[in-house]
Amino acid sequence: MQAQFSLGESVDAQSFNQSEEKKQFVEDLLFLKKRIVQDGFRGPLRHFSPKGSFLRSCRRAREYVTPYAMRQVEQQISNQEKNDGIPPTPDHNKRDKEISQCTDQDLSILLANDSISTTLSAMRLFPAAVLNARVANKHSTLPTGGGADGSLPVLVRKGDIVVFSTWARHRLGKDFGENPDKFYPERWENLSPEMPGFIPFNKGPRICPGQQYALVVLTYIVTRVFQTFSAVSDYNTKEWTERISMTLENENGVLVGLE
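Residues numbered from 1 in each chain as written. Predicted model: local features only at pLDDT ≥ 70, side-chain atom pairs only at ≥ 80, totals over all residues. Heavy atoms only, no water.

A. Representation of helix 2 (residues 20-42) in the model. With 23 residues, helix 2 should cover 33 Å at 1.5 Å per step; its first-to-last C-alpha distance of 32 Å lies within 8% of that length. Lys22, Phe25, Asp28, Leu29, Leu32, Lys33, Arg35, Val37 and Asp39 are the residues of helix 2 that are buried. With its phi angle positive at about 65°, Gly43 sits one or two positions after the end of helix 2. (Helix = DSSP H or I, 4+ residues; strand = E, 2+ residues; numbered from the N terminus. Expected span 1.5 Å × (residues − 1). Buried < 20%, exposed > 50% of the residue type's maximum accessible area, 1.4 Å probe, protein only.)

B. Structural view of the domain arrangement of the protein chain. Here the protein chain is partitioned into domain 1 (20-128 + 178-228) and domain 2 (230-258). On a C-alpha basis, the centroid separation for the pair domain 1 and domain 2 is 22 Å. It is Val37, Phe126 and Ala128 that lose the most area in domain 1 upon contact with domain 2, and together they represent 40% of the buried surface on that side. Summed over the shared surface of domain 1 and domain 2, the result is zero salt bridges. (Domains from an automatic or database assignment. Buried area = accessible area lost by both parts, 1.4 Å probe. Salt bridge = Lys/Arg side-chain N within 4 Å of Asp/Glu carboxyl O.)

C. Just the nonpolar core, in detail. Leu7, Phe25, Leu29, Tyr64, Val65, Leu107 and Leu110 are the most contacted members of the largest nonpolar core, which totals 14 residues. At the level of secondary structure, the elements contributing two or more residues to this core comprise helix 1 (2-7), helix 2, helix 3 (52-84) and helix 4 (92-111). Broken down by element, this core gets its largest block of residues, five residues, from helix 3. One finds Phe176, Met195, Phe198 and Phe201 within the second-largest nonpolar core, a separate group that totals eight residues. (Core = buried A, V, L, I, M, F, W, Y, C linked by side-chain atoms within 4.5 Å.)

D. Spatial organisation of the pairing of strand 2 (residues 140-146). Examined bridge by bridge, strand 2 and strand 3 (residues 152-156) share four bridges and lie antiparallel to one another. Bridge pairing in strand 3 links Leu142 to Val154. As consecutive antiparallel partners, strand 2 and strand 3 are separated by five residues, and within that stretch Gly147 has a phi angle of approximately 80°, a positive value. (Pairing = 2+ DSSP bridges.)

E. Layout of the pattern of salt bridges. Summed over all chains, the structure comprises 13 salt bridges. A salt bridge links Arg35 to Asp39; its shortest N-O distance comes to 3.0 Å. Placement of both Arg35 and Asp39 in helix 2 is noted, with a separation of four residues, approximately one turn of the helix. Of the residues examined, Arg35 reaches a relative accessible area of 7% and is grouped as buried. Note that Arg243 is salt-bridged to Glu251, the shortest N-O span being 3.9 Å. Residue Arg243 is classed as partly exposed on the basis of its relative accessible area, which comes to 35%. Glu251 sits in the partly exposed class, given a relative accessible area of 42%.

Shown next, in the form of structure tokens:
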């Protein structure tokens, strides 16, 4: 579904007739997700890990996505020409940059993986990305966190890596009311998904480009399931076991019965 949204064409991941090209692309995506997470945990030690397989997977993934990005950019140019009635002045450098940027955005959505109150609660307690990080491109400060009581600023030097936990942020403090570690969808009656402490998609200029898509799909799926089926049964026999790859997953899968 993610490929259908970002590329306009499915990769047929569930099909027995999946082409070798699409199969290779899916394998490359899974490998890249795993390696990115591993490098995040390794920190500076990641520079000592061989990068041959990673770079080859990056190259193949970009080569697969680029033709779709080209069509998207060309369609945008064509639509602009129809709306303006004037052919745009050819600018190959700008076009190449837009294709590269579109390719990056498509890959970002694909790597992010494949009732609204219930959805918000699930994303709060089990965010897709449990950890994230940013590299400072200049000297800066964090407003709090320093000193004996954490009330003083913290110096962040250029090149420093700031790692933050979405999982922990969603379960600490009083931002989400009493017992923040409990699943209680009704708490969202008095909360807003725009609140600063709710960051399943991050915030600011580097917010996840697939945020609206994810919310629309999640809300639609939940609504259609309860419109179509009279009962939803939990068939899981094993306890929730965390598996952190590019996203947070249940190591034992999720078994659900629909009647």
